[in-house]
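Working through the structure, step by step
Listed below, chain by chain, are the residues.
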2 protein chains.
Amino acid sequence: MGVLRNRFLSPRNLLVAALLTATADAFAQPPRGPQARSPQVHADGTITLEYLAPDAESVLLDGGQFGARDLPMEQDSNGIWRVTYGPIEPDIYPYAFKVDGVLVQDPANPHYFPNERFRGSLVDVPADTSLIHDLRDVPHGTVTYAYYPSVAGSTGRLLVYTPPGYDEEPDRRYPVYYLISGTTDTEETWYKAGRSNLILDNLIAEGRAEPMIVVMPYGNPAATVAEQRGEPKPDDPPRETEAAVARIDQFGEDLTENVIPYVDATYRTRPDRTSRAIGGFSRGGGQTLQTAFSHMDTFAWVCSYSAYLDTDLMESRFPDIAGKAAQTNDSLKLLWLSVGDEDFLYEDVREFMAYLDEHGVDYRKYISGGGHTWMNTKDYLARTAQLLFQ
Amino acid sequence: MGVLRNRFLSPRNLLVAALLTATADAFAQPPRGPQARSPQVHADGTITLEYLAPDAESVLLDGGQFGARDLPMEQDSNGIWRVTYGPIEPDIYPYAFKVDGVLVQDPANPHYFPNERFRGSLVDVPADTSLIHDLRDVPHGTVTYAYYPSVAGSTGRLLVYTPPGYDEEPDRRYPVYYLISGTTDTEETWYKAGRSNLILDNLIAEGRAEPMIVVMPYGNPAATVAEQRGEPKPDDPPRETEAAVARIDQFGEDLTENVIPYVDATYRTRPDRTSRAIGGFSRGGGQTLQTAFSHMDTFAWVCSYSAYLDTDLMESRFPDIAGKAAQTNDSLKLLWLSVGDEDFLYEDVREFMAYLDEHGVDYRKYISGGGHTWMNTKDYLARTAQLLFQ
């Protein structure tokens, strides 16, 4: 018979193969049944989210950061739960579903929020005019996942963004921005939720940022040590304040004694403090400030996003930062502090700013709207990347 | 007061920051309540899995690939559901929880299975003697996430493994293995579930594999085009066989006309067919065979893992492969076919093997135990990587 008969390529087998690939049979959905398409982002800025659950009793959309907190979804005759919401302000937002009270990622959406404790999906709502984190038709840098020798004999993980043209200019050397994410985030969060690579690609293409290398380390080396020793993961964050401070000191030790030497030996960096920046969000901002103030000879550019250090810690650990403000001002090319006026840390950050004002420490202040979110964090990166190494 | 008072670094704030980072308030767990530690892998090869759900009525472990299919878990007084299972054969396995019937990833485990339709977590059970996919204290290559100009004006995504020493030997050129994953897998699956980088690191360190570049493309460029145009994602797999064949032809076109030129222009490759291999698992194996047979001038090394082409497709599309077996045997340095004797495609693969036998087409056959799983897939990569470019 001339009829094309191709079992491997038959839809049934392809679907079965798809569903069995690396998963238990129980993961399989009914062959070629209805499929959820989610998220769907519409031209008017509304979004439609779908979740296939014929037997669920209730499915809610948990999209608090775009205003949809526990929004009921409706089930159609195919067992697909659906809701359309918005229009919402163009940006990238985390969301999840609450299925009979159980919080789940959107199974139809491969874009997830990298984190060690929760499983959020990401929806990208574009604007009429391209946003700074959009994938544009410009030269792209690359993001490399690498290992490095870390604390206590462990093997550390980090991501390294190299700018467009890095491979085409073999003699050129670049400044480096060390960029740290928040508690329970991973080394992937600044890349996959923060879009650090596309923000830099776009700013560099517009000539608004100096081509730079961006290094995104994992923020909790103690957990890497425990995992590689087969020991239980230590509390994150530690339960005692002193332990939390010591944990950040360990991170700073890893960054300055392990990460920076690895990066300087592996990439074409400008290995001097005026070509080295440190920044971070949330815990990463606290790590930024504590590490920078502990290593004033290492970093000349310091960016704290939605974070601060307590004034008592400043007095006990870093008395010269405020006590010798003229020296601090002369030493730092940039001290940036930004926070949203709805951030739960807003008052604390303002108190830290007041402490610096009181002692005459220069810093760049930016108060945005919004809260402790990665929508703000991407904006802070885009703003500070234009100041670094200028 | 000399007392260290540090609200930012206080456990409460660090935890709140952790839980609010980039997520809706609703994602938050009770501050400093009990926390699940999962997975826990014990020295005797048993594993303990935990899931925090004070209000759930039933939680099951869905770990079919290590034999735990819908295994009941027990809730403790803290609301943590727990089960210990095994010992199980050392390997990396996917699993999930069924919480009141809802399939969820393990929220306490950052190691996930990259896929477009399901959300599995991964548990790594080590052996007494190190396995070939283990992170060892050997020189490590890196994995780079890159964009390339793909079909229909879209921007494609791929991962590129470069071997240890790539940066230290700027004049050395390398052969390239193009490695494709399965239906609904992503370009990350060969890296994060397949451990392709560590398998190569370890084989190269032992002198058992030729240092090579491994390129891991996304297998469904039609979906990339749709996503970037804001159009609905096309059926994957397509519902008609002819459409499925055409989809694979589009992939082959993208690979040969876009991916390979990008890789040859960007990396220090040996850009000739005897230094170029193609391989893949499941749909990626079908893509491997169809693309290799359509471009015999491009690839000299061909590895199909748990896949086959239908003999009617061979006759209608590739009559010379079997019809001129001597020419095929002379042209291909390696044609590898492997499958597990419990694979749902086992009989189909055997039929394809019989077709090749019947016509005198040379190939390397490997029949393993097990099914259509990434445990087998990693083993097939480790075996074939020792044959390539030798």
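Residues numbered from 1 in each chain as written. Chains lettered and ligands numbered in written order. Predicted model: local features only at pLDDT ≥ 70, side-chain atom pairs only at ≥ 80, totals over all residues. Heavy atoms only, no water.

Glancing now at the overall build of chain A. When helices and strands are counted, chain A shows 11 helices and 18 strands. For 390 residues, the compact-globule formula gives about 21 Å, and the C-alpha radius of gyration of chain A, at 23 Å, lands near that figure. The proportion of buried residues among the 390 residues of chain A is 62%. Of the contacts made within chain A by residues no fewer than 6 positions apart, 71% connect residues no fewer than 24 positions apart. In the form shown here, chain A has an accessible surface area of approximately 13,900 Å², with 48% of it arising from carbon and sulfur atoms. Averaging the positions of the 34 positive and the 56 negative side-chain charges in chain A gives two centres separated by 6 Å. (Helix = DSSP H or I, 4+ residues; strand = E, 2+ residues; numbered from the N terminus. Rg over C-alpha atoms; globule rule 2.2 N^0.38 Å. Buried < 20%, exposed > 50% of the residue type's maximum accessible area, 1.4 Å probe, protein only. Contact = heavy atoms within 4.5 Å. Areas by Shrake-Rupley, 256 points an atom, 1.4 Å probe, with all protein chains shown as cover. Lys, Arg positive; Asp, Glu negative; His and termini not counted. Charge placed at Lys NZ, Arg CZ, Asp CG, Glu CD.)

The subject of this paragraph is the side chain of Ser304 of chain B. For Ser304 of chain B, the location among the structural elements is in strand β16 (residues 301-305). A distance of 3.2 Å separates a polar atom in the side chain of Ser304 of chain B from the backbone oxygen of Ala307 of chain B. (Polar contact = N/O pair within 3.5 Å; in protein donor to acceptor, adjacent residues only side chain to side chain.)

With that settled, consider the domain arrangement of chain A. Residue and element names in this part refer to chain A. Examined at the domain level, chain A breaks down into domain 1 (40-125) and domain 2 (142-385). Computed from C-alpha coordinates alone, the two centres of domain 1 and domain 2 are separated by 31 Å. In this assembly, 13 residues from domain 1 lie in contact with 16 residues from domain 2. Taken together, the two surfaces of domain 1 and domain 2 that pack against each other cover about 1,300 Å², and 50% of this comes from carbon and sulfur. When the area that domain 1 buries against domain 2 is broken down by residue, the three leading residues are Ile92, Pro114 and Glu116, summing to 42%. Seen at the junction of domain 1 and domain 2, the total is three salt bridges. On the surface where domain 1 and domain 2 come into contact, there are 10 residue pairs in polar contact (both at pLDDT 80 or more). Element by element, the count of residues in the side of domain 1 that touches domain 2 is highest for strand β7 (residues 91-99), at three residues. Here the side of domain 1 that touches domain 2 is built from residues that sort into seven nonpolar, two polar and four charged. (Domains from an automatic or database assignment. Buried area = accessible area lost by both parts, 1.4 Å probe. Salt bridge = Lys/Arg side-chain N within 4 Å of Asp/Glu carboxyl O. Nonpolar A, V, L, I, M, F, W, Y, C, P; charged D, E, K, R; others polar.)

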